[in-house]
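Inside the fold
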Amino acid sequence: MTTDAPAAGTTVVPSEPPRSDWTLPELLRRRANELGDAEFVSAEGESISFRGLDEASDRVATALGRLGVQPGDRVLALALNSVAFLVAMLATHKRRAIFTPINTELKGSFLEHQVRNSDPRVVLVDAELLDAFTLVDTNGVGIEHTVIIGGDGDVPVGSRPAALAATRWHGWDELAATAVDPSALLRAEPSDVCTIMYTSGTTGPAKGVLLPQAHLVLFAKGAAEATALTPADRYYVCMPFFHANALFMQIYACLWAGCAATVVKRFSVGAWLDDVIDCGATATNALGVMPEFIYRRPPDPRDRGGHRLTRIMAVPIGEEWGAPFEERFGVRLVQGFGMTEINMVAYSDPADPVIPGCAGRVLEEFFEVIVADPDTDEALPPDTVGEILVRPRQPFCFNVGYFKMDDKTVEAWRNLWFHTGDAGRFDAEGRLHFVDRLKDRIRRRGENISSYEIEQVLNNHPAVFESAAVGVKVAGAGGEEEIKAVLVAEPGATIDPAELIAFCVERMPRFAVPRYVEVVDALDKTPSGKVRKQSLRGDGITPATWDREAAGIQLRRS
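Residues numbered from 1 in each chain as written. Predicted model: local features only at pLDDT ≥ 70, side-chain atom pairs only at ≥ 80, totals over all residues. Heavy atoms only, no water.

Some details on the pairing of strand β15 (residues 336-339)
Alignment of β15 against strand β16 (residues 343-347), held across 4 bridges, turns out to be antiparallel. Within the sheet, the bridge partner assigned to G338 lies in β16 and is M344. (Pairing = 2+ DSSP bridges. Helix = DSSP H or I, 4+ residues; strand = E, 2+ residues; numbered from the N terminus.)

Description of the sheet that holds strand β19 (residues 386-392)
Spatially, 7 strands are ordered β15-β16-β17-β21-β20-β19-β18 in an open sheet, and the strand pairing comes out antiparallel. A strand with exactly one partner marks an edge of an open sheet, and here the two such strands are β15 and β18 (367-372). Neighbour to neighbour, the strand axes of the sheet diverge by 45 degrees on average, direction disregarded. Relative to β19, β18 runs antiparallel, the two sharing 6 bridges. Of the residues in β19, the one forming a bridge with F367 is P392. (Axes fitted to C-alpha atoms, helices over the stretch in contact; angles between N-to-C directions.)

Concerning the pattern of salt bridges
A full pass over the atoms with the stated rule returns 41 salt bridges. R29 is paired through a salt bridge with D58; the nearest N and O atoms lie 3.9 Å apart. Of this pair, R29 sits in helix α1 (residues 24-35) while D58 sits in helix α2 (residues 50-66), placing them 29 residues apart in sequence. For R29, a relative accessible area of 22% translates into the label partly exposed. By relative accessible area, D58 is classed as buried at 13%. Between R297 and D303 there is a salt bridge, with its nearest N and O atoms 3.6 Å apart. You'll find R297 and D303 in the same group, each marked buried. (Salt bridge = Lys/Arg side-chain N within 4 Å of Asp/Glu carboxyl O. Buried < 20%, exposed > 50% of the residue type's maximum accessible area, 1.4 Å probe, protein only.)

Regarding the environment of C254
One can find C254 in helix α8 (residues 244-257). Considering only alpha carbons, one finds C254 and R234, 20 residues apart in sequence, at a separation of 8.2 Å. Filtering out sequence-adjacent residues up to four positions away, C254 remains in contact with F40, L229, Y235, C259, A260 and A261. (Contact = heavy atoms within 4.5 Å.)

Some details on the packing of aromatic side chains
Going through the model one piece at a time under the given rule, you end up with 18 aromatic pairs. Both rings, one in F40 and one in F50, keep their centres 4.8 Å apart while their planes meet at 25 degrees; by these two values the pair is stacked. Here the residue F40 occupies a position in strand β1 (residues 39-43), and F50 occupies one in helix α2, the gap between them amounting to 10 residues. Note on F40: relative accessible area 0%, which makes it buried. With a relative accessible area of 0%, F50 lands in the buried category. Every member of this aromatic cluster is reached through a ring pair, and the members are W22, W256, F366, F367, F398, W413 and F418. Taking the ring centre of W417 as reference, the NZ or CZ of R391 above it sits at 3.7 Å. (Phe/Tyr/Trp six-rings, centres within 6.5 Å; stacked < 30°, edge-to-face > 60°. Lys NZ or Arg CZ within 6 Å of the ring centre and 35° of its normal.)

By themselves, these figures tell us nothing about what the structure is for.
What follows is the structure, given as structure tokens:
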């Protein structure tokens, strides 16, 4: 039995579910009972309450049951940020089936790989994204139904992509109007694999991470507590739902805390301040290059005091702009360390000043973390950089492998530790620091060099809009690498490579100064804002690459 929304002025403290109820459907039902018609999510002009989402997902779960969806079946969603996305996800979980959100930028072979790997019974697709299936071959894939979101499902046969033409077609409204059949609503368990989320796939085919219910609930709990969310807060969500940060650490963190979220389709640096002011947001997340882009936007009188923001979860934070960002916007920056596979294993301490790269203290109730020699997996002493290895202390609060990729699962779990592929260190105070992706570290002249640290210098050059530093193999490097800086210029600016090198010489060790410079129109990124460095390494030295040694510039020892 649900209740009405709390009376005005009434403070409701949402209850924490026992571990036996650590599933998203049970968490939603708990909040529906406690908060009723209080607003939960507002997205693109549509709003839904806690109770409304519970009831709507019951109806769609019943509809999915009538479409034959059984426990363990996959429901693939190529869908933009919307209320329907969340309804579909919770409905899939109420059938104990596996929701599989897909990057909305995918098409052709990229999309085909994930469709084939997940082998869904049902495909949910936004009407405006339907053309993404045009060059996808689904021969042999067991898709039985196509559901069109944002349309009535009445797509002319001649306009249906061949990949989905043989399926039965339905409009979203058809599913949303289904009368609830209680027998169709199956109780989820914390151990249920309920979601497959694909990694960015920057170094090979994207891997489908198998995520149990308790894993998702812990994501929500950890993020809500790290940002001290209460029912009085409002989260501004401008990242895609197919990404763990937006879905688990923002939307479901709000579900854990019982607060509201305002959702937009995508991040826009130009619209960001207006958006957070208009919706009254008190918290938001900014991943990858987003926080630096926000900081580099022209100053606005409303930057401090013109909004209600008090904290922003941001990773990574640069040395040059971290503290000034907090001062300029009057907010607290929260850092952490995690990934889709392992959850968030550490968060920064609000009592500490902002320390760039410091993920904070490990959540020791849930995780065991060491920094190890990447070759031997032996733990290293404090202030020694190695690979971050993680394993869970609690059941089902961690991934259970990669779907249909047993070799990748075994590779990641070497010596009973999950290998993150991230370089880090513990400081003397026991705080975890992220240094770089292991594969993004550059080995040159006997030194291990952080590409992140190089980029922080490059990005502070007045003519540089953004940068990526990579190691490239060249003749005469003795098996090591030379550093190449790939740059995007500020609008209207011109980058002089020789002057840039002089700028770097003043600001970084000699061994870290790039040898090669190349200016491009844009850097190719994943949807989460990470630069696809593998392709930059693969490009190597091109006709457009400037070489300081060929230009006669020699670096002197300091």
